[in-house]
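What follows is each chain in one-letter form.
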Amino acid sequence: MRIDLHTHSTASDGTDTPAQLIRRAAVEGLDVVALTDHDTTRGHAEAIAALPSLDRDLTLVTGAELSCRLDGISMHMLAYLFDADEPELLRQRELVRDDRVPRAQGMVRKLQELGAPVTWEQVARIAGDGSVGRPHIAEALVELGLVSSVSDAFTPEWLGDGGRAYVAKHELDPFEAIRLVKAAGGVTVFAHPAAAKRGRIVPESAIAALASAGLDGIEVDHMDHEPATRARLRGLAGELGLLATGSSDYHGLRKTCVLGEFTTDPEVYGEITRRATGAFPVPGAGGPARTA
Ligand code: AMP
Ligand code: ZN
Ligand code: FE
Ligand code: FE
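Quick look at the structure, then. (Residues numbered from 1 in each chain as written. Chains lettered and ligands numbered in written order. Predicted model: local features only at pLDDT ≥ 70, side-chain atom pairs only at ≥ 80, totals over all residues. Heavy atoms only, no water.)

Of regular secondary structure, the protein chain possesses 9 helices and 7 strands. In terms of C-alpha radius of gyration, the protein chain reaches 18 Å, essentially the compact-globule figure of 19 Å for 292 residues. Principal-axis analysis of the C-alpha atoms places the extent of the protein chain at approximately 55 × 45 × 40 Å. By the burial criterion, 55% of the 292 residues in the protein chain qualify as buried. Within the protein chain, counting contacts between residues at least 6 apart in sequence, those at least 24 apart form 73% of the total. Working note: accessible area of the protein chain is about 12000 Å², and carbon and sulfur atoms make up 53% of it. In the protein chain, which carries 30 positive and 42 negative side-chain charges, the distance between the mean positions of the two groups comes to 2 Å. (Helix = DSSP H or I, 4+ residues; strand = E, 2+ residues; numbered from the N terminus. Rg over C-alpha atoms; globule rule 2.2 N^0.38 Å. Buried < 20%, exposed > 50% of the residue type's maximum accessible area, 1.4 Å probe, protein only. Contact = heavy atoms within 4.5 Å. Areas by Shrake-Rupley, 256 points an atom, 1.4 Å probe, with all protein chains shown as cover. Lys, Arg positive; Asp, Glu negative; His and termini not counted. Charge placed at Lys NZ, Arg CZ, Asp CG, Glu CD.)

Structural data, given as structure tokens:
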């Protein structure tokens, strides 16, 4: 079983449409894929609709990656199999997603002040109807020839955390996020908790506090964690009684990782599905499960 529990589509800052992502997941030989766009579930319907046309089995786990902040440190909370219509969580998701627009416009203004001829129209075209984020603005800078890749824009000079053109966005308290997701029947996994090259990370004491507040797991196997970091996080998960997941954090062309680059143990996946009551994984109605 190959299980990838963290991917992005054009509903946020990935480059595959939800349907393309589903087809690619099947081609890559995944058995389970989670769609976890930033602060939105808008891609779910298209992803579900793409499942019956597959020629092999693939199960979709519906989810989202919620933008949170703890003591001034941005962090991401993966949420799985919650009821997408539960009003309180829906409202909080929309507040975070909607604030991304004025925030991105603020970054465009800062870039203009720095002499970069980027426009909101350009960024809005790149983002389409996806939840707008820094990778879209980064792509505008690539188009203008100011940086050579999306990653190269995540620096103090441009859009990195606290960088010259950075603007913070509205983010959820992670304890509140855990409470809301649980109330909507979902399961929470702290995404890439030790991705130090992205910015400041929360201390292990905070992970322990989140665990006490009902956090279900931490993402251990992720491209932003060195092998030693993964080993340390796996130990921490064991100590705290947390599930340890692995995933690609696939973004299509906007990041170098490929689908299934890291995967989650089937037993851990089984536990996630047992804990969730807000939604069921959506089985593909395609061909028989691949046995190879
Ligand atoms: P935002 O949510 O708008 O603050 O943008 C943060 C998103 O940018 C993250 O969730 C990643 O998807 C992406 N990101 C962060 N660092 C990098 C990087 N170095 N290269 C490419 N994408 C990145
Ligand atoms: Zn992203
Ligand atoms: Fe993330
Ligand atoms: Fe992500």
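Picking up after the structure, the text goes on.
Counting 31 residues, the largest nonpolar core has Leu-66, Met-75, Met-77, Phe-190, Val-202, Leu-215 and Ile-218 as the members making the most contacts within it. When contributions to this core are tallied by element, the ones reaching two or more residues are strand 3 (59-70), strand 4 (73-80), helix 3 (87-113), helix 6 (174-183), helix 7 (204-212), strand 6 (217-221) and helix 8 (227-240). Apart from the residues lying within four places of it in its own chain, the contact partners of Ile-218 are Val-189, Phe-190, Pro-193, Ile-207, Leu-233, Ala-237, Leu-242, Leu-243, Ala-244 and Thr-245. Judged by nonpolar contacts, the second largest core, of 20 residues, contains Leu-111, Val-118, Val-123 and Ile-137. (Core = buried A, V, L, I, M, F, W, Y, C linked by side-chain atoms within 4.5 Å.)

The immediate surroundings of ligand 1 are formed by 15 residues, with His-38, Arg-103, Arg-134, Ser-151 and His-251 found nearest. Within the side chain of Arg-100, one N or O atom sits 3.0 Å away from an oxygen atom of ligand 1. Bound to the protein, ligand 1 loses 89% of the 490 Å² it would expose on its own. Under a 2 Å grid-point criterion requiring more than half of the atoms, the pocket assigned to ligand 1 is the largest pocket. Within the residue set of the shell around ligand 1, elements represented by two or more residues are helix 3 and helix 5 (134-143). Its residues placed into classes, the shell around ligand 1 shows 3 nonpolar, 5 polar and 7 charged. (Near = heavy atom within 4 Å. Polar contact = N/O pair within 3.5 Å; in protein donor to acceptor, adjacent residues only side chain to side chain. 1 Å grid on protein atoms, 1.4 Å probe; cavity = no way out; pocket = protein on both sides within 12 Å on 5 of 7 lines; lining within 4 Å. Sits in = over half its atoms within 2 Å of the grid points. Nonpolar A, V, L, I, M, F, W, Y, C, P; charged D, E, K, R; others polar.)

With that settled, the discussion passes to the sheet that holds strand 3. Pairing between sheet strands relies on hydrogen bonds along the backbone, with the strands arranged either parallel or antiparallel. Read across the sheet, 7 strands follow the order 1-2-3-4-5-6-7 without closing on themselves; strand pairing throughout is mixed. One side of each edge strand has no neighbouring strand; the edge strands of this open sheet are strand 1 (3-4) and strand 7 (243-246). Sheet analysis places strand 6 next to strand 7, joined by 4 bridges and oriented parallel. Following the sheet pairing, Asp-221 is matched in strand 7 by Gly-246. (Pairing = 2+ DSSP bridges.)

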